Amino acid sequence: MISDFLEALQAACESSEASLEFLEAVDAPTFLAHLIEAKAADGEFSLIIPGFFPLANAVIEKFSEARPAVTGETFDAAWSVVEFTFDYGVMGGDVFQPVMFANGAVLMRNHHRVIGIDDRPLAILKVHPRSLASDLKRLFRDAGKRRVPDAFFLHRVDNSHAVRDVRPPRRLSANGQTLVFISHDLPLDTCKALPASLIEAVRSQSRTGHAVLRTFGDHVFVYPTHRFSDDLDVLLEEYAETYFPAEETGMPLGIEISGSLKHLSRWFSERSDEYLRSRDFAFPPPSEVMHFHVAQKTTAPAWSSYSGRKVADVTGLPRFFADRADRPVNYSDAYTDPYSDFDRLKSLLWDMSVRLKHDMFVVEVPFLNFVTEAGAPPLTGAAGLTRQLAQIMRFARTLRILHVSDAGKASLMRPANWVRNSGFVARFGEAARAAEAEAAASGLDETDTAEHIRDTLSNDNELRVHFVFQKLRFRQAVDFRAVHEALMALSAGFPAGIVWHFPRFGLIQSYWQGELDSGNQDLFCLTDEPLPEQEENAGADQAGDDPAPGDSPAG
């Protein structure tokens, strides 16, 4: 009976010692038919086979035997039920060893446990870099002498190296690529700039008693740690880019980081092939047709393979280290941004942020949002543009608009000058008329015509306005949550989505009609209240809301 067959099959998936005699009693076509029947009876059924168990080779042989006699459709239906896993658990390991992956994510091996940094900080502080460095120097003064195994810095040295050290780096990272692990046994009474009560509160909520600091110049993100799933054991053991053992403290170690999914897929495919061959997985010979089918299930650079599932695991981890040492991690590094020519825009905004000493953020808005209705004349006056942005202007003293010439040169223009001289408004009008003509030529009715014009004008990257808010007004740390709430309210009145860019921190957050869209809101506490101790260290500067004389916000 098929139930007995499936029971024996399940037993062979759970133990490498299980008998495989039941397979000998079933010819290959019948074996495939049983799998298809089981799937038809239970749509959730799948045969997950540990790849190093004898059953894996036996199943591959059954499919190889059936291939000449079974049609492609039947073969594919049965083969789709089979899945190989090469995961394993770890019984012990280093006391506390950071492991970096090829996309810049970090986990720690803590004996048999997998420890990670939370994907959202519990506090964001503003601390002068010199004051922070002095605190850390005092805090870690005795850590090296006492050989505290879990108190250290993990610091990006350059594009190709990172270091684990118990001494503060000469300069803490200005773009989030210094991590400071403050263990539970480091005394906080020497801290003068860091709020000891807050650090202690984070340590008390942390799985390993750590508070992990991440530095962005004068901004410090404070994270707890927590235990991740033991299912990630194989990532640490087989897919690490670089290990940072305690015995190599102070030695810069080689790294190669990329957030590109294409690159990661190739890298994990090659590493999976090495891993499986090192453990003598029974790949069919390249001359056999099953070689292709097995590779598609195991090492192929595809989401459905075992290798692809490991890529999904690592891309689900918070990234802390970027492709380059001089840039922060960006949420969209691995993906195509739906609203812009992302690589070009990211480079433009970063270069501009550097020139403005990172005292700026950008709100990207489809110009369509400034028209009265789809296809109607836009509100072209500068006042018509800036009036709707008033709720964002309380966070900045100056507003400009990014203008990119035909030659690709970027400049900032006052809104009034931009309306008069950039040519953007005329291009938008031409695009609106062209979209209306396309709709008419297609014979669309009034409703579909309006929808076609709206979609065309909102999705055209060349018809989006980049408002640059400069000379930011915050008493202490940037109040990400306050800006976020203002942008949520702003987007509620717009028909098309908007995007918030904060290049200094790598923040990219989209909003659509008053709701969060894609972005990295967890990283910037946009949806969580801060710890009580943080409230005095954040907030918009409400004192002196009027701009300085001669420094008109809208120009």
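Now for a look at the structure at hand. Since the structure is predicted, the reported quantities are computational estimates derived from the model, not experimental observations.

Once that is clear, we can look at the sheet that holds strand 13 (residues 242-243). Sheet architecture is open: five strands sit in the order 12-5-4-3-13, paired in antiparallel fashion. The open sheet has two edge strands with one neighbour each: strand 12 (225-228) and strand 13. In terms of strand pairing, strand 3 (residues 97-100) meets strand 4 (residues 106-110) through four bridges, oriented antiparallel. Note that in strand 4 the partner of M100 across the bridge is V106.

For the rest of this paragraph, the subject is the sheet that holds strand 16 (residues 396-404). Here seven strands make up an open sheet; going across it, the order is 17-16-18-15-19-20-21 and the pairing antiparallel. Where the open sheet ends on each side, the last strands, each with one partner, are strand 17 (410-413) and strand 21 (515-519). Put simply, the sheet's adjacent strands are angled 30 degrees from each other on average, direction ignored. Sheet analysis places strand 20 (residues 507-512) next to strand 21, joined by three bridges and oriented antiparallel. If you follow Q509 over to strand 21, its bridge partner there is G519.

Core analysis: the largest hydrophobic core is formed by 74 residues, its most contacted members being F361, F469, F480 and W500. Setting aside its immediate chain neighbours within four residues, F469 contacts D359, M360, F361, V363, L389, I392, M393, A396, T398 and L399. If you look at the next biggest cluster of nonpolar residues, it comprises 57 residues, including A28, F101, F268 and Y306.

This paragraph deals with the pattern of salt bridges. Counted under the stated rule, the structure contains 19 salt bridges. E274 serves as the salt-bridge partner of R271, at 3.7 Å between the closest nitrogen and oxygen. In this pair, R271 and E274 both sit in helix 10 (residues 261-278), three residues apart, roughly one turn of the helix. Among the residues examined, R271 registers a relative accessible area of 23% and is labelled partly exposed. Residue R319 is joined to D323 by a salt bridge in which the shortest nitrogen-to-oxygen separation is 3.3 Å. With relative accessibility at 16%, the residue R319 sits in the buried group. According to the relative accessible area criterion, D323 is partly exposed, its value standing at 34%. Linked by salt bridges that have partners in common, D87, K310 and D313 make up one network.

Okay, the pairing of strand 5 (residues 113-117) next. Counting buried residues in strand 5 gives five out of five residues, a clear majority hidden from the surface. Here strand 5 shows no split at all, with R113, I115 and I117 on one side and V114 and G116 on the other all buried. Direction of pairing for strand 4 relative to strand 5: antiparallel, over a ladder of four bridges. Each residue of the ladder has a partner; that of N110, found in strand 5, is R113. Between strand 4 and strand 5, which pair antiparallel in sequence order, lie two residues; one of them, H111, sits at a positive phi of approximately 60 degrees. Sheet topology places strand 5 next to strand 12; four bridges connect them, and they run antiparallel. Within the sheet, the bridge partner assigned to G116 lies in strand 12 and is H226.

Relative to the helices and strands, K262 is located in helix 10. Judged by relative accessible area, K262 falls into the exposed class, the value being 63%. With 39 residues separating them in the primary sequence, K262 and P301 have C-alpha atoms 8.5 Å apart.

Residues spaced three or four apart along an α-helix face the same direction, because each turn holds 3.6 residues. Along helix 5 (residues 72-79), the residues classified as buried are F75, A78 and W79. Considered in projection along helix 5, the buried side chains sweep an arc of 95 degrees and stay on one side of the axis. Contacts made by the buried residues of helix 5 are with helix 3 (28-41), helix 4 (54-66), strand 2 (82-85) and helix 11 (289-298).

Right, let's talk about the packing of aromatic side chains for a bit. A full pass over the atoms with the stated rule returns 42 aromatic pairs. On the numbers, 4.9 Å between centres and 40 degrees between planes, the contact of F216 with F221 is tilted. The exposure class of F216 is buried, given its relative accessible area of 0%. When the centroid spacing of 6.3 Å and the interplanar angle of 45 degrees are considered together, the rings of W500 and F502 count as tilted. Like W500, the residue F502 is buried in the burial classification.

Before going further, it helps to spend a moment on unusual backbone geometry. With a phi angle near 60 degrees, D280 is a residue other than glycine that sits in the positive phi range. Here D280 lies in the loop between helix 10 and helix 11. Exposure remark for D280: the relative accessible area of 66% places this residue in the exposed category. The phi angle at Q513 is positive, at roughly 50 degrees, despite the residue not being glycine. Residue class for Q513 comes out partly exposed when judged on its relative accessible area of 37%.

Cut-offs and rules
- Residues numbered from 1 in each chain as written.
- Predicted model: local features only at pLDDT ≥ 70, side-chain atom pairs only at ≥ 80, totals over all residues.
- Heavy atoms only, no water.
- Pairing = 2+ DSSP bridges.
- Helix = DSSP H or I, 4+ residues; strand = E, 2+ residues; numbered from the N terminus.
- Axes fitted to C-alpha atoms, helices over the stretch in contact; angles between N-to-C directions.
- Core = buried A, V, L, I, M, F, W, Y, C linked by side-chain atoms within 4.5 Å.
- Buried < 20%, exposed > 50% of the residue type's maximum accessible area, 1.4 Å probe, protein only.
- Contact = heavy atoms within 4.5 Å.
- Salt bridge = Lys/Arg side-chain N within 4 Å of Asp/Glu carboxyl O.
- Arc of directions from axis to C-beta.
- Phe/Tyr/Trp six-rings, centres within 6.5 Å; stacked < 30°, edge-to-face > 60°.

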